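# Structural overview
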Amino acid sequence: DAKTTQPTSMDCAEGRAANLPCNHSTISGNEYVYWYRQIHSQGPQYIIHGLKNNETNEMASLIITEDRKSSTLILPHATLRDTAVYYCIVRVRDTDKLIFGTGTRLQVFP
Amino acid sequence: DAGVTQSPTHLIKTRGQQVTLRCSPKSGHDTVSWYQQALGQGPQFIFQYYEEEERQRGNFPDRFSGHQFPNYSSELNVNALLLGDSALYLCASARVTTDTQYFGPGTRLTVL
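This section reports on the structure supplied with the text. (Residues numbered from 1 in each chain as written. Chains lettered and ligands numbered in written order. Predicted model: local features only at pLDDT ≥ 70, side-chain atom pairs only at ≥ 80, totals over all residues. Heavy atoms only, no water.)

Before going further, it helps to examine the interface of chain A and chain B. Interface size is often expressed as the accessible area that is lost when the parts come together. If you look at the interface, chain A gives 18 residues, while chain B gives 20 residues. At the boundary of chain A and chain B, one finds 0 salt bridges. For the interface between chain A and chain B, the tally reads 6 residue pairs in polar contact (both at pLDDT 80 or more). Among the secondary structure elements, those contributing two or more residues to the side of chain A that touches chain B are strand S3 (33-38) and strand S4 (45-50) of chain A. Per-element accounting of the side of chain A that touches chain B gives the leading share, 3 residues, to S3(A). (Contact = heavy atoms within 4.5 Å. Salt bridge = Lys/Arg side-chain N within 4 Å of Asp/Glu carboxyl O. Polar contact = N/O pair within 3.5 Å; in protein donor to acceptor, adjacent residues only side chain to side chain. Helix = DSSP H or I, 4+ residues; strand = E, 2+ residues; numbered from the N terminus.)

Quick look at the environment of Ser73(B) now. Residues and elements named next belong to chain B. Among the structural elements, Ser73 can be located in the loop between strand S7 (64-68) and strand S8 (74-78). For Ser73, a relative accessible area of 13% translates into the label buried. Sequence separation between Ser73 and Ser93 is 20 residues; the distance between their C-alpha atoms is 9.5 Å. Only 2.7 Å separates the side chain of Ser73 from the side chain of Asn71, close enough to count as a polar contact. (Buried < 20%, exposed > 50% of the residue type's maximum accessible area, 1.4 Å probe, protein only.)

To continue, consider the packing of aromatic side chains. Inspection of every chain in the model, using the stated rule, returns 14 aromatic pairs over all chains. Look at Tyr36(A) and Tyr46(A): their rings are 5.8 Å apart centre to centre, the planes differ by 70 degrees, and that puts the pair in the edge-to-face class. Remark: Tyr46(A) occurs in strand S4 and Tyr36(A) occurs in strand S3; sequence separation between them is 10 residues. Across this residue pair, the class does not change: Tyr36(A) and Tyr46(A) are buried. Geometrically, the ring pair formed by Phe47(B) and Tyr49(B) is edge-to-face, given 5.3 Å between the ring centres and 90 degrees between the ring planes. Here Phe47(B) falls in the buried class, since its relative accessible area comes to 0%. (Phe/Tyr/Trp six-rings, centres within 6.5 Å; stacked < 30°, edge-to-face > 60°.)

Now the structure itself:
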């Protein structure tokens, strides 16, 4: 069973920031939060991951709350190519098994 | 630097047949994991290979088996195909166990 809860879908205007929330209230102390996205029928693309500190890379920023029970993925300037299903995943401790939920379908519109 | 590659891209089989899917990991990676993604669902973990051995397995029957070769490439075999095995099969590789996994483009299997 997925350990995360995400909204089913979201819309965002092109050029605006897309903020995708994720709840992971049962996360354990040494479990990471990973974000992947999947553009239609392609393989999932790694975006970013974090443990407890906020993280930023060339694709996105990850904001994790202090209690680690939720996080937000931020795409600072969404483009039409960011339209995809975004998966928030808590990596199971000491395993490589990624447990995907159904994700958030982000639609970026012109 | 080539990423994860998978072959074939698409495959059509009939019920009861057997199929073999192939995966070449990203350069420098030595672990391979396989996932099944049914239409409209998130990927589900099948199993992981490291050092040519199956290290972890998800909730899949024994009809699903695999192999990892000395060059770290991997095969997924499915026997006695069922209609419900129709899915996108994804391979992911990582540099070492517990490292970030990178996915290939997948193989679309259709069972008629």
